[in-house]
Amino acid sequence: MLSKVYAQEFDSRVDRPIGQWNCVLYGNPMIGDERSFFSFGANNILRITRTIEGAISSNSVDLSYEIEGNNLSFYDTISGRTFNATLGGRTLSGEWRTRTQQGGWWCSPAGVDEGIFSDAVIETYGRRLDVEVMASPSYPVQAIREVTQGRVVICFEVTTLGEIINPNFIEVSDEVFRAPSLDALVRSKYRSWLPMTEDEFTRPACRSFIYRLDYVYR
Amino acid sequence: MRLFRFINICRQYLSFLLFFFVCSQLMAQQNTPSTIIGVGNEYLSAGSFAVSIGQYEEGIRLTELGLQQGSLNMTDTYRASALSNLCAAYAAKGDAVTAIQRCNESIFLVSNNWRAYINRAYSYYSLNELVEARFDLDAANALNPDSRQAVQLRGMINEQAYRPRIIMEDHQ
């Protein structure tokens, strides 16, 4: 379930998702955030393995996925969600929908096969990351002046030392929020989550920044 | 002959500098809510110029003199513009209460002078009465949707009127 640290190649685009991916699914208020392992086969079969409560469960399911043009889609029969993604970007990410809800997902390439780690390592991996430094962005003055509100979602990888690498913008409602969000993210840090010797691994995570303005009546 | 030529060049240089200085002052004051009027009344002309370069006390003195001088034969439009100028000068000087009185008089005479509404909006903004400021700003905007001063003032009001909040959520 771990992926090796890799330097992002800016000209490498995901045209076909064949391979293994470490994924974060977010936006479900009932379940909370989920981590899953997506394994796309060349035969249009997708195997999803979910991590639940600090350990990898045996909850694997095989689904079929479709690629039409540059649109990837599949239906998760267990959670009842339809997943969509636009291929051709630098990462594998998209949205999921049910009849009443919607959210997002983001994957980083998994550099190693599932199951080669010890139980202790997997248990460590299954835990939530602890934030060591949570830097807050500042609300851009220009956005206040123009009464602009919005939302930014950035997905990234966290090294075993807790450092944030390879940030990717998944959603930017207004360009004015791009710089302060990224600035806050790169100033943040997590606690290390594996022994120092295992420093070539990463795990995916995302952070949402919701910019709101409250009118103060006078 | 050489000395004469040198003096001539210096004179040209100085006049260029003076011209540049006046221009830059005028440019710097463009955002101050004011009205440039006064054709035909030298006090009002001088008053509006004084206001435009930031000499508010002098601008008020000259504009009030101009209003007295032309009290008999001045049209309502002229008087309203002069009062709007006075409003701007008082507002810029920090006397927002007097500024609002002058703007009220101006708007009472001519109700479609967008500058008077902006000047009054700025005065209300100075007093932190943001609802009234916004109301006047809307009126100014309706009369002149292209006003740069209105955009700038609206930004200043929004800065006071809105409290920013950022919610961060981690997904992992």
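Note that the structure is predicted; figures quoted are calculated from it, not measured. (Residues numbered from 1 in each chain as written. Chains lettered and ligands numbered in written order. Predicted model: local features only at pLDDT ≥ 70, side-chain atom pairs only at ≥ 80, totals over all residues. Heavy atoms only, no water.)

**Topic: the overall build of chain A**
Next up, step 1: Assigned secondary structure in chain A consists of three helices and 14 strands.
Next up, step 2: By residue count, 44% of the 218 residues in chain A fall in the buried class.
Next up, step 3: In chain A, once contacts between residues fewer than 6 apart in sequence are set aside, the share between residues at least 24 apart is 60%.
Next up, step 4: In the structure as shown, chain A presents an accessible area of about 10,600 Å², 48% of it carried by carbon and sulfur atoms. (Helix = DSSP H or I, 4+ residues; strand = E, 2+ residues; numbered from the N terminus. Buried < 20%, exposed > 50% of the residue type's maximum accessible area, 1.4 Å probe, protein only. Contact = heavy atoms within 4.5 Å. Areas by Shrake-Rupley, 256 points an atom, 1.4 Å probe, with all protein chains shown as cover.)

**Considering the layout of surface pockets**
Next up, step 1: By volume, the largest pocket is sized at about 450 Å³.
Next up, step 2: Residue lining of the largest pocket: 21 residues in total, with Tyr26, Ser93, Gly94, Ile170 and Glu171 of chain A positioned closest to the centre.
Next up, step 3: Secondary-structure elements contributing two or more residues to the lining of the largest pocket are strand S8 (92-97), strand S9 (102-109) and strand S12 (164-172) of chain A together with strand S1 (162-171) of chain B.
Next up, step 4: Per-element accounting of the lining of the largest pocket gives the leading share, five residues, to S12 of chain A.
Next up, step 5: Class assignment for the residues of the lining of the largest pocket results in four nonpolar, 12 polar and five charged. (1 Å grid on protein atoms, 1.4 Å probe; cavity = no way out; pocket = protein on both sides within 12 Å on 5 of 7 lines; lining within 4 Å. Points joined across faces, edges and corners; volume = space filled by probe spheres on them. Nonpolar A, V, L, I, M, F, W, Y, C, P; charged D, E, K, R; others polar.)

**With respect to the state of the cysteines**
Next up, step 1: In total, this model carries three disulfides over all chains according to the counting rule given.
Next up, step 2: Residue cysteine 23 of chain A pairs covalently with cysteine 107 of chain A via a disulfide, S to S 2.0 Å. Here cysteine 23 of chain A and cysteine 107 of chain A share a disulfide; its torsion about the S-S bond, 105°, makes the bridge right-handed. Of this pair, cysteine 23 of chain A sits in strand S2 (residues 19-26) while cysteine 107 of chain A is found in strand S9, placing the two residues 84 residues apart along the sequence.
Next up, step 3: We classify cysteine 23 of chain A as buried; its relative accessible area is 1%.
Next up, step 4: Disulfide pairing places cysteine 87 of chain B opposite cysteine 103 of chain B at an S-S distance of 1.9 Å. (Disulfide = S-S within 2.5 Å.)

**Points about the interface of chain B and chain A**
Next up, step 1: Listed as interface residues are 23 residues of chain B and, on the opposing side, 33 residues of chain A.
Next up, step 2: Note on chain B versus chain A: buried area summed over both sides is about 2,800 Å², and carbon and sulfur give 52% of it.
Next up, step 3: The largest per-residue losses of area from chain B upon contact with chain A belong to Met168, His171 and Gln172 of chain B, which jointly make up 31% of the total buried on that side.
Next up, step 4: On inspection of chain B and its partner chain A, the count reaches three salt bridges.
Next up, step 5: A salt bridge links aspartate 170 of chain B to arginine 207 of chain A; the nearest nitrogen and oxygen atoms lie 2.6 Å apart.
Next up, step 6: Linking chain B with chain A are 13 residue pairs in polar contact (both at pLDDT 80 or more), by the criterion used here.
Next up, step 7: When residues of the side of chain B that touches chain A are traced back to their parent elements, those giving at least two are helix H7 (130-143), helix H8 (148-161) and S1 of chain B.
Next up, step 8: Here the side of chain B that touches chain A gets 10 residues from one element, more than from any other, and that element is S1 of chain B.
Next up, step 9: The residue inventory of the side of chain B that touches chain A, partitioned by class, reads nine nonpolar, seven polar and seven charged.
Next up, step 10: The pairing of strand S14 (residues 201-215) of chain A with S1 of chain B spans 10 bridges and is classified as antiparallel. Residue pairing for S1 of chain B: tyrosine 215 of chain A is matched across the bridge by tyrosine 162 of chain B. (Buried area = accessible area lost by both parts, 1.4 Å probe. Salt bridge = Lys/Arg side-chain N within 4 Å of Asp/Glu carboxyl O. Polar contact = N/O pair within 3.5 Å; in protein donor to acceptor, adjacent residues only side chain to side chain. Pairing = 2+ DSSP bridges.)

**Topic: the side chain of glutamate 34 of chain A**
Next up, step 1: Structurally, the position occupied by glutamate 34 of chain A is in strand S3 (residues 34-40).
Next up, step 2: Classification of glutamate 34 of chain A as buried rests on a relative accessible area of 10%.
Next up, step 3: Separated by 2.9 Å, the side chains of glutamate 34 of chain A and arginine 81 of chain A make a polar contact.
Next up, step 4: If near-sequence neighbours (up to four positions away) are discounted, glutamate 34 of chain A is found in contact with Cys23, Val24, Leu25, Arg50 and Arg81 of chain A together with Gln172 of chain B.

**A look at the environment of isoleucine 100 of chain B**
Residues and elements named next belong to chain B.
Next up, step 1: If you trace the backbone, isoleucine 100 turns up in helix H5 (residues 96-109).
Next up, step 2: Its relative accessible area of 10% is what places isoleucine 100 among the buried residues.
Next up, step 3: For the pair isoleucine 100 and serine 84, spaced 16 residues apart in sequence, the C-alpha to C-alpha distance is 9.5 Å.
Next up, step 4: With near-sequence residues (within four places) excluded, isoleucine 100 lies in contact with Arg120, Ser123, Tyr124 and Leu127.

**A few points about the packing of helix H3 (residues 56-69) of chain B against helix H4 (residues 76-93) of chain B**
Residue and element names in this part refer to chain B.
Next up, step 1: Packing of H3 against H4 brings their axes to within 9 Å, and their N-to-C directions diverge by 160°. The orientation of H3 relative to H4 falls into the category roughly antiparallel. Classified by chirality, the crossing of H4 by H3 is left-handed. Between H3 and H4, the residues in contact are Tyr56, Glu57, Ile60, Thr63, Glu64 and Leu67 and Arg79, Ala82, Leu83, Leu86, Ala89, Tyr90, Ala92 and Lys93, respectively. (Axes fitted to C-alpha atoms, helices over the stretch in contact; angles between N-to-C directions. Parallel < 35°, antiparallel > 145°, perpendicular 65-115°, else oblique. Left-handed = near helix turned anticlockwise from the far one by under 90°.)

Distances and angles like these do not, on their own, reveal function.
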